[in-house]
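Fold and contact review
What follows is each chain in one-letter form.
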Amino acid sequence: MQLGVSSYAFGWAVGVPGHLPPQPFDENDLLAFARAQGLSLIQFGDHLPLHTFDETRLARLRSAADSGAPRVRIETGARGLTEAHLARYIEISQQLDARLLRFVIDGAGYEPSPTDVVALVRNALPALKAARVTLGLENHDRFPARTLRTMLEQIGDDHVGICLDTANSLGAGEGLDHVVDQLAPHTVNLHIKDFAIARVSHAMGFIVEGRPAGRGMLDVPKLLAAVAPHGRCRTAILETWVPPEARFVDTIAKERRWAEESLAFLKPLFPTS
């Protein structure tokens, strides 16, 4: 399994609504960071939308990934699983020689049913196979793990699997052990996102916050041991949820420190990366 880094390790630096940096973190910054860390794999999140890149920018990205040292493999990512959007991202993946396309199913005002998702993905199978792209559907809040598992069983093709995020299913009220039990056999990509859950001072509830990898509740070795035997997961990608500081500039600096600290913890667990 190969270790890589996502643009979602730099969510604040890329920009979130109401917080756009003067010089947003872009594809060149992601490549440079990966190489500085000795990594040869990056993944793009939907917040750095590749479908907004013109053909020249996509070609430059492919050239930059291929020509530097080390050569960096690209994985693509998108949100809003419509027929047209999936088709466009299969094309982009082929242009960038990406073998994995991670997709969040829902989009703004768009929440397809499991039946619709299965039909849509089945129709896209010939295009996925022709492009040699594996589609990883991300567990992302709305669908319980058992529903996602059933959808994948109904699709029934090795070109489709799960992008297993280690924190997202908390939004569906599910713990990680249950999610891994349901989805490990179908996992084609991991999002390693550490977190902590703490009771608030008045004891009337909990707060979920991100942590650098190795400093939260996520047992990464246990996770890898659960997923690896199934033989489908080839890549594991660092993402982070960084609580902001009072000053935006401090948040950006903290985010980079967390990414560096997380990778220092993770690299020994991925000796072949």
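Anything mentioned here points back to the structure above.
Residues numbered from 1 in each chain as written. Predicted model: local features only at pLDDT ≥ 70, side-chain atom pairs only at ≥ 80, totals over all residues. Heavy atoms only, no water.

It is worth spelling out the pattern of salt bridges at this point. Counted by the stated rule, this structure contains 20 salt bridges. Taking the shortest distance from any N to any O, the salt bridge between E153 and R149 comes out at 3.8 Å. Highlighted residues: E153 and R149, both in helix α6 (residues 145–155), separated by 4 residues, approximately one helical turn. On the accessibility criterion, E153 (48% relative accessible area) is partly exposed. Residue classification places R149 among the partly exposed positions, given a relative accessible area of 27%. Each of R62, D66, R71, D97 and R99 takes part in a single network of salt bridges with overlapping partners. (Salt bridge = Lys/Arg side-chain N within 4 Å of Asp/Glu carboxyl O. Helix = DSSP H or I, 4+ residues; strand = E, 2+ residues; numbered from the N terminus. Buried < 20%, exposed > 50% of the residue type's maximum accessible area, 1.4 Å probe, protein only.)

Before going further, it helps to spend a moment on the pairing of strand β8 (residues 195–199). A regular strand carries its side chains on alternate faces of the sheet. Direction of pairing for β8 relative to strand β9 (residues 206–210): antiparallel, over a ladder of 5 bridges. In the sheet register, R199 faces β9, and the bridge partner there is F206. (Pairing = 2+ DSSP bridges.)

A word on the sheet that holds strand β4 (residues 100–104). Pairing within the closed barrel is parallel, and its 8 strands lie in the order β1-β2-β3-β4-β5-β6-β7-β10. Neighbour-to-neighbour, the strand axes of this sheet turn through a mean angle of 25°, independent of strand direction. Bridging between strand β6 (residues 160–165) and strand β7 (residues 187–192) involves 4 bridges; their strand directions are parallel. Note that in β7 the partner of I162 across the bridge is T187. Contacting β5 (134–138) and β6, α6 runs over the sheet at an angle of about 160° to β6. (Axes fitted to C-alpha atoms, helices over the stretch in contact; angles between N-to-C directions. Contact = heavy atoms within 4.5 Å.)

Let's shift gears to the packing of helix α5 (residues 114–131) against α6. Where α5 contacts α6, the two axes come as close as 10 Å, and the packing angle between them is 35°. Crossing geometry of α5 relative to α6 is assigned as right-handed. Contacts from P114, V117, V118, V121 and R122 of α5 reach α6 at T147, M151, Q154 and I155. Classifying every residue of the contact of α5 with α6 by side-chain character gives 6 nonpolar, 2 polar and 1 charged. (Left-handed = near helix turned anticlockwise from the far one by under 90°. Nonpolar A, V, L, I, M, F, W, Y, C, P; charged D, E, K, R; others polar.)

A cluster of nonpolar side chains, contributed by L170, I197, F206, V208, M217 and W241, occupies part of the molecular surface with about 530 Å² of accessible area. With respect to the helices and strands, L170 occurs in the loop between β6 and α7 (176–183). (Patch = residues over 30% accessible without salt bridge, like charges linked within 9 Å, V, L, I, M, F, W, Y side chains within 5 Å. Areas by Shrake-Rupley, 256 points an atom, 1.4 Å probe, with all protein chains shown as cover.)

With the rule as written, the count across this model stands at 4 aromatic pairs. Centre to centre, the rings of F10 and F25 are 4.3 Å apart; their planes meet at 15°, and the pair counts as stacked. Of the two residues, F10 is situated in the loop between β1 (2–6) and α1 (11–14) and F25 in the loop between α1 and α2 (27–36); the sequence distance between them amounts to 15 residues. Accessibility classification places F10 together with F25 in one group, the buried group. (Phe/Tyr/Trp six-rings, centres within 6.5 Å; stacked < 30°, edge-to-face > 60°.)

For the rest of this paragraph, the subject is unusual backbone geometry. Omega for the peptide link from A69 to P70 comes to -5°, which places this bond in the cis form. Locating P70 in the fold gives a position in the loop between α3 (55–67) and β3 (73–79). A positive phi angle is found at D97, which is not glycine, with a value near 55°. Following the sequence through the fold, D97 ends up in the loop between α4 (83–95) and β4. The backbone of D141 shows a phi angle near 75°, a positive value even though the residue is not glycine. Along the chain, D141 falls in the loop between β5 and α6.

With that settled, consider helix α9 (residues 248–266). For α9, built from 19 residues, the straight-helix expectation of 27 Å at 1.5 Å per residue is met to within 8% by its first-to-last C-alpha distance of 27 Å. Of the positions making up α9, those classed as buried are T251, K254, E255, W258, A259, S262, L263 and L266. The buried residues of α9 all sit within an arc of 165° when viewed along its axis, so they share a single face. Away from its buried face, by an angle of more than 90 degrees, α9 presents the exposed residues V249 and A264. (Expected span 1.5 Å × (residues − 1). Arc of directions from axis to C-beta.)

So, on to the side chain of S6. Tracing the chain through its elements places S6 in strand β1. What makes S6 buried here is its relative accessible area of 0%. Among the polar contacts listed, one links the side chain of S6 to the backbone nitrogen of Y8, at a separation of 2.8 Å. Ignoring sequence-local partners within four residues, the contact set of S6 consists of L30, Q43, I237, L238 and E239. (Polar contact = N/O pair within 3.5 Å; in protein donor to acceptor, adjacent residues only side chain to side chain.)

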